[in-house]
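# Residue-level structural notes
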Amino acid sequence: MAQVSLRDLTKEFDDTVAVADLNLEVADGEFVVLVGPSGSGKTTALRLVAGLERPTRGSIFIGDRDVTDVPPRDRDIAMVFQNYALYPHMTAYDNMAFGLQVRGYARGEIEGRVKDAAEILGIGGLLHRRPGQLSGGQRQRTAVGRAIVRQPQAFLFDEPLSNLDASLRVEMRAELSQLHRRLNATILYVTHDQVEAMTMGQRIAIMNEGRLQQCAEPLAVYRAPANRFVAGFIGSPAINFFNGELGSSESGWLFKGKDFQLDVPCSAAPPAGPATLGARPEDLRIGDSGTFGAVVRVVEPVGSEMYIHLLTQDGARVVVRAPADTRVAVDERVAVAIPPDKVHLFRDDTGERIGP
Ligand code: ATP
């Protein structure tokens, strides 16, 4: 396997900038997930690496080789698509073998590689079937098998689990993670699903409007989102945002929201001005006294815990993730505490993270 480097990669379609100045290194054997909302440029970035699109500017390296102008078939990478792209008239075996046959591999070599891949993927007994005779999960395994037999320098995955039902998605997520470890594969994986990204990626790269927002380990992103966009995108239920102004207090910074004020201990001077305070639903506490008051609108028990939807006096919607046995009733007035050491602060002009 090899490392994949994207350097200042830009792709413009007429007046749309699909990918802007993307710099990303996927280390040899690393699993990196590109995640972002629809239209953020993830698929275009992957297609650029595959060679299915030509960049407007920038370059792509696979290992030490500059492949920017190399045709797709000579890049030595394998791509797995959302729709599997299997040939319907061929058996699973032939689908997996086809790429090697057209490249002129010997019959025995092909047979060995297909059987090995099928065994790893648990589809050894299904190789005689056509895609129409396979379940969604089995088709997906066949598509992954077709990529594995190529023994490529890197794998590219484009939303490979989107067509599977929820439980199978969870199962395949774990299988792909295991496969990554077993093959020690370099993987660049695209999804719009943040849970998929968080659970599978060794690092996640969050895109918005063609620009890379942050690239780091999943928990690092969750704990210290680089900007307001990332904070709002990663986390479910989503982080709560409060608009306000930042100034100084005796102990550090003072955030003045519409419904409340909060002292945030910090030794640095505050960048005074309009700011947004973010608080994750699990960091908020409902009790007799708190930072602000609110009215309970909806209570969602999900078994292991409870999501409590609130409306503040100012009309802001807030979600609190509380223990399953929390006693609250719809229309009840409650107090909500925001622990100052758990807040995330963002400048309103740039969206950038600031603070302790
Ligand atoms: P999704 O999750 O919906 O697939 P994405 O993050 O993968 O979205 P892209 O498909 O890469 O996003 O698209 C990024 C932007 O580039 C979008 O604004 C899209 O409309 C535009 N775009 C993509 N392909 C083309 C094309 N062939 N011609 C013109 N514009 C395109």
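What this report covers is the structure whose coordinates are included nearby. (Residues numbered from 1 in each chain as written. Predicted model: local features only at pLDDT ≥ 70, side-chain atom pairs only at ≥ 80, totals over all residues. Heavy atoms only, no water.)

### Overview of the pattern of salt bridges
Throughout the structure, instances matching the rule amount to 13 salt bridges. Between Arg 57 and Glu 12 there is a salt bridge, and its shortest N-O distance comes to 3.3 Å. Placement of Arg 57 in strand 4 (residues 57–62) and of Glu 12 in strand 1 (residues 4–13) is noted, with a sequence separation of 45 residues between them. Its relative accessible area of 32% is what places Glu 12 among the partly exposed residues. For Glu 53, the salt bridge is made with Arg 47, and the minimal N-O distance between the two is 3.2 Å. By relative accessible area, which is 19% here, Glu 53 ends up buried. Assessed through its relative accessible area of 28%, Arg 47 is described here as partly exposed. Sharing partners across several salt bridges, the network here consists of Arg 141, Glu 171 and Glu 175. (Salt bridge = Lys/Arg side-chain N within 4 Å of Asp/Glu carboxyl O. Helix = DSSP H or I, 4+ residues; strand = E, 2+ residues; numbered from the N terminus. Buried < 20%, exposed > 50% of the residue type's maximum accessible area, 1.4 Å probe, protein only.)

### Quick notes on the packing of aromatic side chains
Under the counting rule described, the total for this entry stands at ten aromatic pairs. Ring geometry for Phe 155 versus Phe 157: centroids 6.2 Å apart, planes at 35 degrees, classification tilted. There is no split in this pair, since Phe 155 and Phe 157 are both buried. Taken together, a centroid distance of 6.3 Å and an interplanar angle of 80 degrees make the contact between Phe 241 and Phe 346 edge-to-face. Pair noted here: Phe 241 is in strand 11 (residues 240–248) and Phe 346 is in strand 20 (residues 344–347), with a separation of 105 residues, a long-range link. Exposure remark for Phe 346: the relative accessible area of 0% places this residue in the buried category. Each residue in the set Phe 31, Phe 155, Phe 157 and Tyr 189 is aromatic and connected to the rest through ring pairs, giving one cluster. Over the face of the ring belonging to Tyr 222 we find Arg 280, whose NZ or CZ atom lies 3.9 Å from the ring centre. (Phe/Tyr/Trp six-rings, centres within 6.5 Å; stacked < 30°, edge-to-face > 60°. Lys NZ or Arg CZ within 6 Å of the ring centre and 35° of its normal.)

### Observations concerning the environment of Phe 157
Here Phe 157 shows up in strand 7 (residues 154–158). Excluding anything up to four places from it in sequence, Phe 157 contacts Leu 46, Val 80, Val 144, Leu 176, Ile 187, Leu 188, Tyr 189 and Val 190. (Contact = heavy atoms within 4.5 Å.)

### Regarding the pairing of strand 11
The two faces of a sheet get side chains in turn, since along a regular strand they alternate between them. Sheet topology note: the strand 11/strand 14 (residues 273–279) ladder contains seven bridges and is antiparallel. Paired with Phe 241 across the strands is Gly 278, a residue of strand 14. Bridging between strand 11 and strand 12 (residues 252–257) involves five bridges; their strand directions are antiparallel. The residue bridging Glu 245 from the neighbouring strand is Lys 256, located in strand 12. Joining the antiparallel neighbours strand 11 and strand 12 is a turn of three residues. (Pairing = 2+ DSSP bridges.)

### Comments concerning helix 5 (residues 166–183)
Compared with the 26 Å implied by 1.5 Å per residue over 18 residues, the 26 Å span of helix 5 between its first and last C-alpha is a close match. Here helix 5 has its buried residues at Met 172, Arg 173, Leu 176, Ser 177, Leu 179 and His 180. Taken around the axis of helix 5, the buried residues stretch over an arc of 160 degrees, which confines them to a single face. What points out from helix 5, more than 90 degrees from its buried face, is the exposed set Ser 167, Arg 181 and Arg 182. Looking at the buried positions of helix 5, the neighbouring elements they touch are strand 3 (31–35), helix 3 (107–121), helix 4 (136–149), strand 7, strand 8 (187–191) and helix 6 (194–200). Positive phi shows up at Asn 184, right after helix 5, with a value of about 55 degrees. (Expected span 1.5 Å × (residues − 1). Arc of directions from axis to C-beta.)

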